[in-house]
Amino acid sequence: MRTANIRAMIGGTLLLMSILVPASAAQSPTRASEQPNSQRISVQTQGTGADVILIPGLASSRDVWADLASGLRTSHRIHLVELAGFAGTPAISNPEGKVIAPAVDAIAEYINTQHIKAPVIIGHSLGGEIALMLGARYPDLVGRLMIVDALPFYTLTINPAATSETAVPHATAMRDWLLSQSAEQFVAFQNTSIARLARTEAVRPALVAAGINSDRKTVADAVYELMVTDLRPELGRIRAPIEIVYAYDPLYGIPSASVDMMYRQAYAAASEIHFTRIDDSFHFVMLDQPERFSSAVASFLNQ
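Residues numbered from 1 in each chain as written. Predicted model: local features only at pLDDT ≥ 70, side-chain atom pairs only at ≥ 80, totals over all residues. Heavy atoms only, no water.

**Observations regarding the overall build of the protein**
Consideration 1: Along the protein, the regular secondary structure elements total eleven helices and eight strands.
Consideration 2: Buried residues in the protein amount to 55% of all 303 residues.
Consideration 3: Looking at the protein alone, contacts between residues at least 24 apart form 79% of all its contacts between residues at least 6 apart.
Consideration 4: In the form shown here, the protein has an accessible surface area of approximately 12300 Å², with 52% of it arising from carbon and sulfur atoms. (Helix = DSSP H or I, 4+ residues; strand = E, 2+ residues; numbered from the N terminus. Buried < 20%, exposed > 50% of the residue type's maximum accessible area, 1.4 Å probe, protein only. Contact = heavy atoms within 4.5 Å. Areas by Shrake-Rupley, 256 points an atom, 1.4 Å probe, with all protein chains shown as cover.)

**Notes on the environment of R175**
Consideration 1: Locating R175 in the fold gives a position in helix α5 (residues 164-180).
Consideration 2: Relative accessible area serves as the criterion here: at 23%, R175 is assigned to the partly exposed category.
Consideration 3: Along the primary structure R175 and A222 are separated by 47 residues, whereas in three dimensions their C-alpha atoms are 8.7 Å apart.
Consideration 4: With near-sequence residues (within four places) excluded, R175 lies in contact with A220, D221 and Y224.

**A word on the nonpolar core**
Consideration 1: Formed by 66 residues in total, the largest nonpolar core has its most connected members in I41, L83, I121, I130, L145, I147 and Y267.
Consideration 2: Broken down by element, this core gets its largest block of residues, eight residues, from helix α3 (residues 100-113).
Consideration 3: Aside from chain neighbours lying at most four places away, what touches I130 is I55, L83, I100, A103, V104 and I107.
Consideration 4: The next biggest cluster of nonpolar side chains, apart from the first, holds 30 residues, and it includes W65, V120, V203 and F300. (Core = buried A, V, L, I, M, F, W, Y, C linked by side-chain atoms within 4.5 Å.)

**Examining the confidence of the model for the protein**
Interpretation of this model should avoid reading the predicted coordinates in detail wherever pLDDT is low.
Consideration 1: Averaged over all residues, the pLDDT of the protein equals 86, while 87% of them reach at least 70.
Consideration 2: Low pLDDT, under 50, characterises residues 1-36; the predicted model gives this stretch 109 contacts beyond four residues in sequence or across chains. (pLDDT = per-residue confidence, 0-100.)

**Some words on the pairing of strand β6 (residues 144-148)**
Consideration 1: In terms of burial, β6 is largely enclosed, as five of its five residues are buried.
Consideration 2: Neither face of β6 is open: one carries R144, M146 and V148, the other L145 and I147, and all of them are buried.
Consideration 3: Bridge count between strand β5 (residues 120-124) and β6: five bridges; the pairing is parallel. Across the sheet, G123 pairs through a bridge with I147, a residue of β6.
Consideration 4: Note on the crossover from β5 through helix α4 (residues 126-137) to β6: the handedness is right-handed. (Pairing = 2+ DSSP bridges. Right-handed = clockwise from strand over helix to strand, strands pointing away.)

**With respect to the packing of aromatic side chains**
Consideration 1: Under the defined criterion, the tally for this structure stands at six aromatic pairs.
Consideration 2: Ring centres of Y267 and F275 lie 6.3 Å apart, and the angle between their planes is 65°; this geometry places the pair in the edge-to-face category. Here Y267 matches F275 in class, with each residue buried.
Consideration 3: Members of the aromatic cluster, connected to one another through ring pairs, are Y248, Y252 and F282.
Consideration 4: The lysine or arginine in question, R144, covers the ring of F300, its NZ or CZ lying 4.9 Å from the ring centre. (Phe/Tyr/Trp six-rings, centres within 6.5 Å; stacked < 30°, edge-to-face > 60°. Lys NZ or Arg CZ within 6 Å of the ring centre and 35° of its normal.)

Set out below in structure tokens:
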């Protein structure tokens, strides 16, 4: 597939950027948690009660969870993760180009050092892949998983027959293209992307700003890793129950049944799994349909 086709098909979906206005985080008291491996992640906590770890997506701020956290923190202790290099968080030296796998190790270390018992993990997009990898590689550390609008192998959206090996040329082309963009091209790309990612126009400017404030190399490396990582063979190792929440809108131009089938086929190897589709939403389900999303999370936590 030519690079131009890759761009057209994935476009902004590769910039799985999350937001809410940064001021929203200041509306409630938070404290930064210091932990080993803090170079890879930072964590803020809110509330008291059963532990819920929230992981945002690519080039995303923890503030994407602001609305959800405002409701949950009255009965739960919320751990809001942010990855180095995303949404203004300082980047770190990353010669090996790995972003996702080291973040998984850092979150596992955080769970251990903070003595958190069987937390619920909720991850959006790239954060969903982190959650899956955490459940597969550290099965004793997690209680339940909610994966929001994410697949165990992203490149399935380009080619249903893709493998990690066949994804390499596409991933390399996308990484190199992102790195080669001028500042003006990068801004234009993100504006175009966000129109496909967020149905709600009011949130789009902040989403664009979150991407602009992300480190370009970190984003490009994460995109590459996302595109070549196939977690389907690891799904069987996950012992925690899994809830998949995904978006659908008629503007996708394909039948909802096709989207349903794609998700079910992608997660066929998972043993204990449930699917919830939220309609009239683009990729940022928590922003496009906050009430429905919060209701889905509440039902999941109350099971």
